[in-house]
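Examining the three-dimensional arrangement
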Amino acid sequence: MAVTSTGRFLEWEGCFNVRELGGLGGVAPGAAVRADALDRLTARGWTTLAAHGIRTVVDLRGDDEVGPDRAPRPPGLTTVRIPLDGIEHRDFWDHWWGTPGFATPAYFRPFLTRFPDRVAAVATAIADAPPGGVAFHCGLGRDRTGIIALVLLRLAGASPEEVADDHALSEPRVRAMYAAQGRPYDSAEIDTYLAGLGTTAHALARDAAAGLDAGPYLRAAGMDAGVLRRLEGRLRGR
């Protein structure tokens, strides 16, 4: 069955922001895919996902974000839910929640510092997934998914610039998603926030990636050396 794609973007009917990590750093095509909420997939979308070789879905959303699937998931697909945010940790979220910075990579480095255990839990789920590709997603496929993509890409040898370029690909897709859903998307507050910091979203993503040595980070977060080797092997298609 043919897999429909545009560059690294994958056209899975029902979603807007799905793309391969394959081709960045040492990531093998088909090993890992980042996405927006996969429960919006149509039956055709699920069929295309399965045809791409995806056998595991890791859902990063909180309990309050999860709704019914638009169409049944394929048999043989494993779904793992690991809410990434840890919204109950008010020492962190009272600062970030509801701010324009939460929609930018400004919070990536603070999040990685505060929640290494949560990041490692997701990375372990990807390492230990059954054979086949893994798709991981949040709601928009931009922020939480962006944090996990950053860690995986750096582990696979992608440069900070590659990570930042990949992150930037989400913005037009998010705008298209809002438009299709009839929701307003006004980036003025985000633009003002970034201007106040004297930087850009691209620079923030690049700096967050440059500051992460992914292997030692995951080991310090409690990931076993064997699990880390499995994760590296999976990303490289071994």
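Each remark here, short or long, concerns the structure printed above.
Residues numbered from 1 in each chain as written. Predicted model: local features only at pLDDT ≥ 70, side-chain atom pairs only at ≥ 80, totals over all residues. Heavy atoms only, no water.

**What about the layout of surface pockets?**
Looking at the largest pocket, its volume works out to about 790 Å³. Considered class by class, the residues forming the lining of the largest pocket number 13 nonpolar, five polar and twelve charged. Its boundaries defined by the atoms lining it, the second largest pocket holds a volume of some 200 Å³. Lining the second largest pocket are 16 residues, with Glu171, Tyr185, Ile190, Leu194 and Ala201 positioned closest to its centre. Counting residues per element, the ones that place at least two in the lining of the second largest pocket are α6 (160-168), α7 (170-180) and α8 (188-197). Counted by class, the lining of the second largest pocket contains seven nonpolar, four polar and five charged residues. (1 Å grid on protein atoms, 1.4 Å probe; cavity = no way out; pocket = protein on both sides within 12 Å on 5 of 7 lines; lining within 4 Å. Points joined across faces, edges and corners; volume = space filled by probe spheres on them. Nonpolar A, V, L, I, M, F, W, Y, C, P; charged D, E, K, R; others polar. Helix = DSSP H or I, 4+ residues; strand = E, 2+ residues; numbered from the N terminus.)

**Quick look at the environment of His52**
Locating His52 in the fold gives a position in the loop between α1 (43-51) and β5 (54-59). Note on His52: relative accessible area 16%, which makes it buried. (Buried < 20%, exposed > 50% of the residue type's maximum accessible area, 1.4 Å probe, protein only.)

**Quick word on helix α9 (residues 201-210)**
Each α-helix winds once per 3.6 residues, and so residues spaced three or four apart point in a common direction. Along α9, the residues classified as buried are Ala203, Leu204, Ala205, Ala208 and Ala209. As for α9, its buried residues are in contact with α3 (108-114), α5 (144-155), α6 and α8. (Contact = heavy atoms within 4.5 Å.)

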